[in-house]
Amino acid sequence: PVVAVVTGFSPLALRPEGEEFDVLVTAFRDDWKRMATATQRIRSMATPQGPGPLRVDVTSRLELRPGRYEIRTAVTGLTSGHTGSAYTSIVVPDFARAPLSLSGVQIELQTGRGGHGGGGALQGLVPFPSTTQRTFASRDRVRLFARVYQARRGAPHPVTAHIRVRDAADRVRFAQTRQLAPGAFSDARSADIDAML
């Protein structure tokens, strides 16, 4: 399986010519054995793109076997020398054997101020670059994407997908149901859910 790791950060004081950043993403097994690493060097420009601080999202690609991992990511400004880091735990499903499984939810912010890095890290795998932003204004256009998988044994079954977006008060702000017929599943036994909010 391909794991997409999106690292988001906001440079505080970019020079007019921009600044270069090194992005390091590492996956560790439970015994702290390093299983995969991705490194990138990106340049972020100080071009205004809207209100608020500049936000940069960098997508990295890791290929990992099914299992549980800790993902650690770090960003270092080559001029400032400042480093920021974050970590999280993930479980990579066995998409080929599990009767039914779902990828993580990918979010695209189609408005606002930000940039993307990572070049073609996920080109051909997902339809758009992801954002780590999770707070949105009512005027923002937000797109959601996820991929449903069925085991590769036997014929695929119809699947009902429920999409719900809740606000901070747990009120449902968006609700939609999608029916995925067996014919919607590709030869890889996957079908896409793509919704615009």
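In case you missed it, the structure is sitting above this.
Below or above, wherever it landed, is the structure these notes cover. (Residues numbered from 1 in each chain as written. Predicted model: local features only at pLDDT ≥ 70, side-chain atom pairs only at ≥ 80, totals over all residues. Heavy atoms only, no water.)

### Focus: the side chain of Glu19
Worth spelling out the cut-off: A run of H or I in DSSP becomes a helix once it reaches four residues, and a run of E becomes a strand once it reaches two; helices and strands are each numbered from the N terminus. Note on classification: 1.4 Å probe, protein chains only; a residue is buried when its accessible area is under 20% of the maximum for its type, exposed when over 50%, partly exposed between these limits. Polar contacts, as used here, are pairs of N or O atoms within 3.5 Å; protein pairs need one atom able to donate a hydrogen and one able to accept it. Residues neighboring in sequence count only if both atoms are side-chain atoms.
Relative to the assigned elements, Glu19 resides in strand β2 (residues 19-28). Here Glu19 falls in the buried class, since its relative accessible area comes to 6%. A polar contact is formed between the side chain of Glu19 and the backbone nitrogen of Thr79, at a distance of 3.2 Å. Separated by 3.2 Å, the side chain of Glu19 and the backbone nitrogen of Ser80 make a polar contact.

### Observations regarding the side chain of Arg189
Rules: Think of it this way: Lys and Arg go in the positive column, Asp and Glu in the negative one, and His and the chain ends go nowhere. Criterion for a salt bridge: a side-chain nitrogen of Lys or Arg within 4 Å of a carboxyl oxygen of Asp or Glu. We call two residues in contact when some of their heavy atoms are within 4.5 Å.
Its location among the elements puts Arg189 in the loop between β12 (172-180) and β13 (190-196). This buried residue, Arg189, is left without a salt bridge; Asp187 holds the nearest opposite charge, at 8.2 Å. From its side chain, Arg189 meets the backbone oxygen of Arg152 in a polar contact 3.4 Å long. Non-local contacts of Arg189, meaning those with residues more than four positions away in its chain, are made with Val148, Tyr149, Gln150, Ala151, Arg152, Arg153, Gly154, Ala155 and Pro156.

### Topic: the sheet that holds strand β3 (residues 34-44)
Where we set the bar: Note: two strands are recorded as paired if DSSP finds a minimum of 2 bridges between them. Helix axes are fitted to C-alpha atoms over the stretch in contact, other axes to C-alpha atoms as well, and angles between N-to-C directions run from 0 to 180 degrees.
Taken together, four strands build an open sheet; the order of strands is β3-β2-β5-β6 and the sheet is antiparallel. Two strands bound the open sheet, and with one partner strand each, they are β3 and β6 (83-92). When the angles between neighbouring strand axes are averaged without regard to direction, this sheet yields 15 degrees. Bridge analysis of β2 against β3 gives 10 bridges, and the strand direction is antiparallel. When the bridges of β3 are listed, Leu24 appears paired with Thr39.

### Brief notes about the packing of aromatic side chains
Selection rule: Two rings from Phe, Tyr or Trp (for Trp, the six-membered ring) form a pair when their centres are within 6.5 Å of each other. A pair whose planes differ by under 30 degrees is stacked, one over 60 is edge-to-face, and the rest are tilted. In this scheme, the term charge over a ring applies when either NZ of a lysine or CZ of an arginine sits within 6 Å of the ring centre and within 35 degrees of the ring normal.
Under the defined criterion, the tally for this structure stands at four aromatic pairs. The cationic tip of Arg72 hangs over the ring face of Tyr87; the distance from NZ or CZ to the ring centre is 5.1 Å.

### Examining the pairing of strand β8 (residues 106-109)
Here β8 shows no split at all, with Gln106 and Glu108 on one side and Ile107 and Leu109 on the other all buried. When β8 meets strand β10 (residues 142-150), the two strands line up antiparallel, connected through four bridges. Bridge assignment links Ile107 to a residue of β10, and that residue is Leu144.

### Some words on unusual backbone geometry
Glycine aside, negative phi is the norm for most residues, and most peptide bonds take the trans geometry. A positive phi angle is found at Trp32, which is not glycine, with a value near 70 degrees. Relative to the elements of secondary structure, Trp32 occurs in the loop between β2 and β3. Positive phi is not limited to glycine here, since Arg189 has a value of about 65 degrees.

### Here's the deal with the pattern of salt bridges
Here the structure, examined in full by the defined rule, presents 11 salt bridges. Its salt-bridge partner being Asp31, residue Arg29 comes within 2.7 Å of it at the nearest N-O pair. You can call Arg29 partly exposed: its relative accessible area is 34%. Looking at Asp31, the relative accessible area reads 48%, which means it is partly exposed. Between Arg143 and Asp194 there is a salt bridge, with its nearest N and O atoms 2.6 Å apart. Here Arg143 is found in strand β10, whereas its partner Asp194 is found in strand β13, with 51 residues between them in sequence.

### Details of the nonpolar core
Where we set the bar: To form a nonpolar core, buried Ala, Val, Leu, Ile, Met, Phe, Trp, Tyr and Cys residues must be joined to one another through side-chain atoms within 4.5 Å.
Residues Phe9, Leu62, Leu64 and Ile71 are the most contacted members of the largest nonpolar core, which totals 19 residues. Elements with a contribution of two residues or more to this core: β1 (2-9), β2, β3, β4 (56-63) and β5 (67-77). With four residues, the top contributor of residues to this core is β2. For Leu62, the residues in contact, after removing those within four places along its chain, are Pro1, Val2, Val3, Val5, Val25, Ala27, Ala36, Thr37, Ala38 and Ile71. With 14 residues, the next largest nonpolar core counts Leu109, Val142, Val159 and Phe185 among its residues.

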